[in-house]
Amino acid sequence: MAENMTLLWGSGSPPCWRVMIALEEKNLQGYNNKLLSFEKMEHKSQEVLDINARGQLPSFKHGDNNVNESYAACFYLESQFKSQGTKLIPDGAAEQALMYQRMFEGLTFYEKLNAVIYYTWFVPEEERHDSALKRNKEALTAELQLWEDYLQLGSASNLAGPSFSLADVTVFPTVATLFRFGLSAERYPKLGEYYALLKDRPSIKASWPPHWLENPKGQDTLKDI
């Protein structure tokens, strides 16, 4: 069933990781996949552009269908393979509402994280300002407290009710990246607990970024956040 699927991806990219977790949860192992290098600009190769005109990863193809946006791919996989693997959209209205809310808030969370850890990557040297980076760090700190409070109110093992859902599929890679870049689990204990509870889930372990496995140490960019 997965033989007619192709995923072009980059190691450590949360958008790529979201799709890989969804594929694992829906029991779609065995798909064609190719690891590409952002550093070598392989995401701008013709191979990628043939699937994804934006020249971005992930680039995902199922038969004749291209679904490259990570959230769209996750919804697509749940919709097309509803009856197999993990049910990723709950039935109850309250849980479903919470799942959609946390999912889409997760995009803001990811943007605020990127604004700090990739500041020097995104902003040309002549346009960088300490005050801008300080504002970005303050915005991320406020965002982290929001998620800490969300987990305080609900189940620390899942973001939207008692079951693992698309909210976890899409937001966990952002949380994992936070800790990869040195976030303190003592300062953010609920996020730390959530990370610890889910990092050994089979779908997450199976799709763990290979370069993180090769170099488990990570970075300390967020140690003071």
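Summarised in this report is the structure supplied together with it.

Criteria and cut-off values
Residues numbered from 1 in each chain as written. Predicted model: local features only at pLDDT ≥ 70, side-chain atom pairs only at ≥ 80, totals over all residues. Heavy atoms only, no water. Pairing = 2+ DSSP bridges. Helix = DSSP H or I, 4+ residues; strand = E, 2+ residues; numbered from the N terminus. Contact = heavy atoms within 4.5 Å. Axes fitted to C-alpha atoms, helices over the stretch in contact; angles between N-to-C directions. Phe/Tyr/Trp six-rings, centres within 6.5 Å; stacked < 30°, edge-to-face > 60°. Buried < 20%, exposed > 50% of the residue type's maximum accessible area, 1.4 Å probe, protein only. Lys NZ or Arg CZ within 6 Å of the ring centre and 35° of its normal.

1. Let's talk about the sheet that holds strand β3 (residues 59–62)
Adjacent strands of a sheet form backbone hydrogen bonds with each other and so pair up, either parallel or antiparallel. With mixed pairing, four strands are arranged side by side in an open sheet as β2-β1-β3-β4. Only two strands of the sheet have a single partner each, and these edge strands are β2 (32–36) and β4 (65–66). For strand β1 (residues 5–10) and β3, the ladder comprises four bridges, and the chain directions are antiparallel. Of the residues in β3, the one forming a bridge with Leu7 is Phe60. In the packing of helix α1 (residues 14–25) onto the sheet, the strands contacted are β1 and β3, and the crossing angle to β1 comes to about 140 degrees. The sheet contacts of helix α3 (residues 70–80) involve β1, β3 and β4, and relative to β3 the element is tilted by about 25 degrees.

2. Thoughts on the packing of aromatic side chains
Applying the stated criterion to the full structure yields 14 aromatic pairs. Taken together, a centroid distance of 5.4 Å and an interplanar angle of 80 degrees make the contact between Trp147 and Tyr150 edge-to-face. In this pair, Trp147 and Tyr150 both sit in helix α6 (residues 130–153), three residues apart, roughly one turn of the helix. Neither residue differs from the other here; Trp147 and Tyr150 are each classed as buried. Taken together, Trp17, Phe172, Phe179, Tyr194, Tyr195, Trp208 and Trp212 form an aromatic cluster joined through their ring pairs. Against the face of Tyr110 rests Arg18, its NZ or CZ located 4.9 Å from the ring centre. One cation-aromatic arrangement involves Arg102 over Tyr150; the distance from NZ or CZ to the ring centre is 3.5 Å.

Read these as spatial facts, not as claims about activity.
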